[in-house]
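One-letter residues, chain by chain:
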Amino acid sequence: MHQISNCRLQALLFAFFSMMLFPACLKEEDPVTPPDFQGNVETAQIPMGNNYEKQFFFDLETNQIVSSNYKKDWDLGFECGLEGYHIILNSSKLMFAWNTETTDFGTITGIEGAVWKWDAASGNLDSTAIGEWGDYTDGNVNSYNKVYIIDRGKDATGTGYGYKKIVFESLKENQYTFRWANLDGSGEDTFLIKKDNDYSFMYFSFDNGGERKNIAPEKNKWDLVFTQYTHIFSESPDNIPQPDTLIPYIVTGVLQNHYNVAAAEFSSKPFHDITLEDALNVALNEQDIDVIGYDWKFFNFNQVSYTVLSSRNYIVRDTDGYLYKLHFVDFYSSTGEKGYPKFEFQRL
């Protein structure tokens, strides 16, 4: 038994020293390469058109428009999610709301003395025009029953869509209940909107007697929406808004998905030189949805045309957590029509 063990030991030692002395005789191992998650530089162009009448929801991963709709298709958005209770306006139509501070639905018949508010362009749900419409407790809202007037905004020609009055009556068991009518009291109706946690918002239009609308796709299936929206400009020299100089204005640009998408401007390097390491060191804005916004272009009055700032780059985290770099390269179609934003992007 001992002799057999010694023989085996000698054989093992011989094999070991043979490998040390004659390495060239052994097959070299193939290097192990980590998977490459970086994508190619891709290009996309969004056909918003000359009058910017539509909204386009875009997914970076697939380089596809997931869905589109006419911006006039909806008026109000009702927040989903377990703790959601906020109500937003369709800012692409320059909509406003006025809390009349009265609970008497019948006495409100006009807009005299209205104090209009608007949703913040940042998408901050604590800064909506409708605001806190009731007491929130454990997913339910007991309404203050205040009457709101909704200015439904304007179409592409500047013609107004008119006004509605509305009371948000409750949020119970994941269902919103509200009552609305024309200012003269005609057309009064009650409507129910059920939450769906696959979406960030459920949408409603006053048209056709009131109807629920499918607008944004499921919240994890898109990253950016190309749309018009209301931005507030100020005439004050130091750019600090003053009460008498706030100017609500429709701009055309890009908003991020509320759900899990974050972004930051990063223009310290040319687009093609930006690396994953650069992106990982950028502090992404988790709150504001207008980080990309509208000012990657400007109107050149001398040339009477839009000029794109292609040196203005953005880092975007998509709904799946991947990081992208993105910049715009054009705002015109191949036939010279404005309203066709073209951009390059790459997963890092």
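Now for a look at the structure at hand. (Residues numbered from 1 in each chain as written. Predicted model: local features only at pLDDT ≥ 70, side-chain atom pairs only at ≥ 80, totals over all residues. Heavy atoms only, no water.)

### Section: the sheet that holds strand β13 (residues 201-205)
How we decide: We call two strands paired when DSSP finds no fewer than two bridges between them. Numbered from the N terminus, helices here are DSSP runs of H or I no shorter than four residues, and strands are runs of E no shorter than two. Only the stretch in contact is used when a helix axis is fitted, and all axes are lines through C-alpha atoms; the angle between N-to-C directions ranges over 0 to 180 degrees.
Read across the sheet, 4 strands follow the order β5-β4-β13-β14 without closing on themselves; strand pairing throughout is antiparallel. Every other strand in the sheet has two partners, leaving β5 (87-89) and β14 (211-213) as the edge strands with one partner each. Neighbour-to-neighbour, the strand axes of this sheet turn through a mean angle of 30°, independent of strand direction. With 4 bridges connecting them, strand β4 (residues 76-79) and β13 associate as antiparallel partners. Across the sheet, the residue bridging to Gly77 is Tyr203, located in β13.

### Quick word on the environment of Lys325
Inclusion rule: To sort residues, take the accessible area from a 1.4 Å probe on protein chains only and compare it with the maximum for the residue type: under 20% means buried, over 50% means exposed, and anything in between is partly exposed. What makes two residues a contact is simply this: any of their non-hydrogen atoms within 4.5 Å.
Mapping Lys325 onto the fold places it in strand β21 (residues 323-332). On the basis of relative accessibility, which here comes to 2%, the residue Lys325 falls in the buried class. Along the sequence, Lys325 and Glu344 sit 19 residues apart, while their C-alpha atoms lie 8.3 Å from each other. Excluding its chain neighbours within four sequence positions, the residues that come into contact with Lys325 are Phe271, His272, Asp273, Ile274, Tyr314, Ile315, Glu344, Phe345, Gln346 and Leu348.

### Section: the side chain of Lys219
Here is the rule we go by: When charges are counted, Lys and Arg contribute as positive and Asp and Glu as negative, whereas His and the chain ends are disregarded. A pairing counts as a salt bridge when a side-chain nitrogen of Lys or Arg comes within 4 Å of a carboxyl oxygen of Asp or Glu.
Relative to the assigned elements, Lys219 resides in the loop between β14 and β15 (224-234). Although Lys219 is buried, it makes no salt bridge; Asp198 carries the closest opposite charge, 6.6 Å away.

### Thoughts on the layout of surface pockets
Quick reminder of the rule: Here a cavity denotes a set of grid points, spaced 1 Å apart and computed over the protein atoms alone, in which a 1.4 Å probe fits but from which it cannot get out, and a pocket denotes an open set meeting protein on both sides within 12 Å along at least five of seven lines; residues with an atom within 4 Å of a point are reported as lining. Grid points are joined across faces, edges and corners, and a volume is the space filled by probe spheres set on the points. The nonpolar class holds Ala, Val, Leu, Ile, Met, Phe, Trp, Tyr, Cys and Pro. Asp, Glu, Lys and Arg form the charged class, and all remaining residues, Gly among them, are polar.
Space inside the largest pocket adds up to approximately 640 Å³. Along the wall of the largest pocket there are 24 residues; nearest its centre are Gln228, Tyr249, Ile250, Val251 and Thr252. For the lining of the largest pocket, the elements supplying multiple residues, two or more each, are β15, β16 (246-256) and β18 (297-300). At 4 residues, β16 tops the list of elements feeding residues into the lining of the largest pocket. Each residue belonging to the lining of the largest pocket can be placed in one class, and the counts come to 12 nonpolar, 6 polar and 6 charged. Along its surface, the second largest pocket is lined by 21 residues, and Glu79, Leu125, Ser200, His258 and Tyr259 are the ones closest to its centre. A breakdown of the residues in the lining of the second largest pocket according to their chemical character gives 7 nonpolar, 9 polar and 5 charged.

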